[in-house]
Amino acid sequence: MKKKFAVPEPVSRITKTLENAHFEAYLVGGCVRDLLRGCTPKDWDITTNAKPDEILGLFENTYYNNDFGTVGIVNDDEEGKPHHVVEVTPYRLETTYSDGRHPDEVVFSDKLEEDLARRDFTINAIAYSVSKGQIIDPYKGQEDITRKIIRAVGNPLERLREDGLRILRAIRLSSELEFAIDTDTEKAIADSSEMLKKISKERIRDELIRILMSTQPMQAIARAQILGVLNYISPNLERGVGVEQNQAHSFDVFEHLLRATQHAADKEWSFEIRLAALFHDISKPETRRWSDEKKDWTFHGHEVVGARVTKRALEELKFPKKTIEKVVKLVRWHMFFSDPDQITLSAVRRMIRNVGGETNMWDLLNLRICDRVGTGRPKEQPFRFRKYKSMVEEVLRDPISVAMLKITGSKIMEVSGETPGPKIGYTLHALLEEVLDDPKKNTKKYLENKAKKLMESPIEDLKKLGEKGKEKGTLADEKNVEKIREKHWVK
Ligand code: ATP
Ligand code: MG
């Protein structure tokens, strides 16, 4: 079958160089899959019957990965662009995997078909010859792309038992590509999930990151749970299954966490918000108590316990310290403003400090939206929430004051040659009045000139000007606050 794809010149140059030296060269794996789906590939992989030293002999700027025989070819001739690496790997043969993760030895092959046979899924086992425009697809990967199905190459149970990482790759690919997993492959996942015990936490973490950053984290994590895989990603996540909540909630704790996470993905919010959404109610199961008075379940302190449990879970998955710190803070403070009567500006200020500053505060507010949508309530931002947001903005606004002027009291003394005294303050406020009228005047040059002149006027006149400026500043500030409230519809 013939097809013509637009392939970047640095990539086609490599296949051409190999072919000119009488070797075979094919694009393979994710890039062919993505070309067939009509997407731009993230990276380009080439496979060839040339051996590592033969590849190394044909290109200048290379590096060699001994584990798999992969040669990285660095394209550094596009000026000003970041170096682009294309990986060239010799055809390899499937060998035994006694550790459930690494092939016991890397054996090179002369046949493309043998290389395709060792690949994980049919959609990843298609090769494309750039020069011939030819597609080689022995496992009907194209059909599976059209039908949006992830299917193991060969016997699924055998393939997943060779390398447990393939279990997570299947689930991750299904969430990234929005493909379903073939029934037999799915059954094999359920029958081999314990293989994940042999996979390093770092690899599991990397797949979890990609699942969370995909468009379908909810569906993928729900699937992982049903197939018995979630336990090996982070066992705490599963404890919420079937844990009924109070009347405010339509879903059990687990489904609530998934729905909250999905909302963060739908909004394309950051990774930390998504991770915090997934963990925020992680400790509801162990803090759940029945209240005879309320005739309902309570979860007092679940955010405090949850922050500790989240910290341990993320450490276990070897997340970077900074990520852990932030996500733990978001989980710890996700119950902010549970009592609406307590909202004061100073309480808001304290919360911004608790959660670690302005950026985290906006993320916390978004986490709250996820939490709310995850309970099944239709209204994303009720009045109370908008009111809180408006107060955050109010607290964080730049106050209108002489501090925003491009001149200081000491500069005024310097240009006027005067000693400290009330005149300096009056002058600053008089300058503020001018700048409020015309912000373009807030330049060093203008203000220094003007200050010099003002300082020469009699103190009484200066005092009047200064007081007028002060009043105007306060008024302008109040207007600012009003604008913020209008913006959030909480006037
Ligand atoms: P993406 O680059 O979008 O993550 P990809 O499919 O290119 O997707 P890579 O990890 O770059 O993923 O792997 C390149 C190719 O190598 C895959 O398409 C697949 O053919 C093969 N492959 C990768 N990991 C495995 C594995 N664990 N078992 C078998 N084949 C694998
Ligand atoms: Mg790739």
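Since the structure is predicted, the reported quantities are computational estimates derived from the model, not experimental observations.

Re the site of ligand 1
Thought 1: In the vicinity of ligand 1 lie 15 residues, with R33, K42, D163, R166 and R210 positioned nearest.
Thought 2: A distance of 3.0 Å separates an oxygen atom of ligand 1 from a polar side-chain atom of R119.
Thought 3: Contact distances for ligand 1 include 3.2 Å between a nitrogen atom and a backbone N or O atom of D120.
Thought 4: For ligand 1, whose accessible area on its own is 580 Å², the fraction buried by protein is 82%.
Thought 5: The pocket occupied by ligand 1, as judged from atoms lying within 2 Å of grid points, is the largest pocket.
Thought 6: Among the elements that make up the shell around ligand 1, the one with the highest residue count is helix α7 (residues 165-177) (three residues).
Thought 7: Split by residue class, the shell around ligand 1 holds no nonpolar, three polar and twelve charged.
Thought 8: Residue assignment places the shell around ligand 1 across two domains, with domain 1 (9-147) and domain 2 (149-233) each supplying three or more.

Here's the deal with the packing of aromatic side chains
Thought 1: Taken as a whole, this structure holds four aromatic pairs when the rule is applied.
Thought 2: Between W290 and W297, the aromatic rings sit 5.1 Å apart at their centres with planes inclined by 80°, giving edge-to-face as the arrangement.
Thought 3: Taking the relative accessible area as the measure of exposure, W297 reaches 23% and is therefore partly exposed.
Thought 4: Across the ring face of W297, the terminal group of R288 is positioned such that the distance to the ring centre comes to 3.7 Å.
Thought 5: The ring of W333 has R332 sitting right over it, with the charged end atom 4.0 Å from the ring centre.

What to know about the environment of V490
Thought 1: The topology assignment puts V490 in the segment after α23 (459-487).
Thought 2: A relative accessible area of 8% means that V490 is categorised as buried.
Thought 3: Between the C-alpha atom of V490 and that of D99, which follows or precedes it by 391 residues, the distance is 61 Å.
Thought 4: With near-sequence residues (within four places) excluded, V490 lies in contact with F383, R386, K387, S390 and R485.

Things to note about the environment of G69
Thought 1: Inspection of the secondary structure assignment puts G69 in the loop between β3 (62-65) and β4 (70-75).
Thought 2: With 348 residues separating them in the primary sequence, G69 and G417 have C-alpha atoms 76 Å apart.
Thought 3: Leave out the neighbours within four places in its chain, and G69 touches P52, Y64, V88, T89, P90 and F108.

A look at the pattern of salt bridges
Thought 1: For the structure on display, the rule yields 33 salt bridges.
Thought 2: Among the salt bridges present, the one from D163 reaches R166, with a minimum N-O distance of 3.8 Å. As far as burial versus exposure is concerned, D163 and R166 are alike and both buried.
Thought 3: Among the ionic pairs, R172 bridges to E207, the shortest N-O distance being 2.8 Å. Pair noted here: R172 is in helix α7 and E207 is in helix α9 (residues 201-213), with a separation of 35 residues, a long-range link.

Re the side chain of S390
Thought 1: Along the chain, S390 falls in helix α19 (residues 383-396).
Thought 2: Residue class for S390 comes out buried when judged on its relative accessible area of 1%.

A short note on empty space enclosed by the protein
Thought 1: Tallied over the entire structure, the rule returns one cavity of 30 Å³ or more.
Thought 2: Size it by volume and the largest cavity reaches roughly 40 Å³.
Thought 3: In terms of lining, the largest cavity is formed by I171, L208, I211, A220, I221, A224, L230, I233, L237 and L278.
Thought 4: At the level of secondary structure, the elements contributing two or more residues to the lining of the largest cavity comprise α9, α10 (217-226) and α11 (230-233).
Thought 5: For the lining of the largest cavity, the element with the most residues is α10, which contributes three residues.
Thought 6: Each residue belonging to the lining of the largest cavity can be placed in one class, and the counts come to ten nonpolar, no polar and no charged.

Side note on the packing of helix α13 (residues 271-279) against helix α16 (residues 321-332)
Thought 1: Two elements in contact, α13 and α16, have axes whose closest approach is 9 Å; the angle formed by their N-to-C orientations is 50°. What the angle tells us is that α13 and α16 run oblique. For the pair α13 and α16, the crossing hand works out as right-handed. Residues F271, E272, L275, A276 and F279 of α13 touch α16, and the partners they reach there are T323, K326, V327, L330 and V331.
Thought 2: Grouping the constituent residues of the contact of α13 with α16 by class yields seven nonpolar, one polar and two charged.

With respect to the domain arrangement of the protein
Thought 1: Its domain assignment divides the protein into domain 1 (9-147), domain 2 (149-233), domain 3 (249-396) and domain 4 (402-487).
Thought 2: Relative placement of domain 3 and domain 4: their C-alpha centres are 43 Å apart.

A word on the layout of surface pockets
Thought 1: Taken as a whole, the largest pocket encloses approximately 1200 Å³ of empty space.
Thought 2: Looking at the largest pocket, it is lined by 37 residues, and the ones nearest its centre are D45, R118, R119, D120 and R169.
Thought 3: Grouping the constituent residues of the lining of the largest pocket by class yields ten nonpolar, eight polar and 19 charged.
Thought 4: For the second largest pocket, the lining is made up of 25 residues, of which A248, H249, M335, R368 and R377 are closest to its centre.
Thought 5: Where the lining of the second largest pocket is concerned, the elements lending two or more residues are β13 (296-298), α18 (358-374) and α19.
Thought 6: Considering only residue class, the lining of the second largest pocket consists of seven nonpolar, nine polar and nine charged.

Things to note about the sheet that holds strand β5 (residues 84-90)
Thought 1: The mixed open sheet is built from seven strands, whose spatial order is β3-β4-β5-β2-β1-β8-β9. The open sheet has two free edges, formed respectively by β3 and β9 (134-136), since each of these has just one partner strand. Direction aside, the axes of adjacent strands within the sheet are offset by 30° on average.
Thought 2: The pairing of β4 with β5 spans five bridges and is antiparallel.

Cut-offs and rules
- All residue numbers refer to positions counted from 1 along the written sequence of the respective chain.
- Going through the entries in the order they are written, you letter the chains from A and number the ligands from 1.
- Where totals are concerned, whole chains, interfaces and linings use all residues; where local detail is concerned, this predicted model gives features only for residues with pLDDT of at least 70, and gives and counts side-chain atom pairs only at 80 or more.
- Think of the side-chain values as coming from all heavy atoms in the structure, minus any hydrogens and water.
- Whether a residue is near a molecule or strand depends on its heavy atoms: if one lies within 4 Å, it is near.
- Polar contacts, as used here, are pairs of N or O atoms within 3.5 Å; protein pairs need one atom able to donate a hydrogen and one able to accept it. Residues neighboring in sequence count only if both atoms are side-chain atoms.
- Computed with a 1.4 Å probe, the accessible areas rest on the Shrake-Rupley method; for each residue, only the protein chains presented here act as cover.
- Buried and open spaces are told apart on a 1 Å grid over the protein atoms alone, a cavity being a set of points where a 1.4 Å probe fits but cannot get out and a pocket being an open set with protein on both sides within 12 Å along at least five of seven lines. Residues with an atom within 4 Å of a point are the lining residues.
- The way we define it, a molecule is inside a pocket or cavity when more than half of its atoms are within 2 Å of that pocket's grid points.
- Numbering of helices and strands runs from the N terminus, with a helix taken as a DSSP run of H or I at least four residues long and a strand as a DSSP run of E at least two residues long.
- Gly falls in the polar group here, along with every residue not listed as nonpolar (Ala, Val, Leu, Ile, Met, Phe, Trp, Tyr, Cys, Pro) or charged (Asp, Glu, Lys, Arg).
- Domain boundaries shown here were taken from an automatic or database domain assignment.
- The rule is short: rings of Phe, Tyr and Trp, with Trp giving its six-membered ring, pair when the centres are within 6.5 Å, and they are stacked under 30 degrees, edge-to-face over 60, tilted in between.
- Buried, partly exposed and exposed residues are distinguished by accessible area as a fraction of the type maximum, computed with a 1.4 Å probe on protein chains only: under 20%, between the cut-offs, and over 50%, respectively.
- Distance and angle both matter: a charge sits over a ring if NZ of Lys or CZ of Arg is within 6 Å of the ring centre and within 35 degrees of the ring normal.
- The criterion used for residue contact is that any of the two residues' heavy atoms lie within 4.5 Å.
- Within this document, salt bridges are pairs made up of a side-chain nitrogen of Lys or Arg and a carboxyl oxygen of Asp or Glu, the two lying within 4 Å of each other.
- Grid points are joined across faces, edges and corners, and a volume is the space filled by probe spheres set on the points.
- Orientation is described by lines fitted to C-alpha atoms, with helices fitted over the stretch in contact, and by angles between N-to-C directions that extend from 0 to 180 degrees.
- Should an angle lie under 35 degrees it is considered roughly parallel, over 145 roughly antiparallel, and from 65 to 115 roughly perpendicular; all remaining angles are considered oblique.
- Definitions for this section: a left-handed crossing has its near helix turned counterclockwise from the far helix by less than a right angle. A right-handed crossing has that turn clockwise.
- Two strands form a pair only when DSSP identifies at least two bridges running between them.

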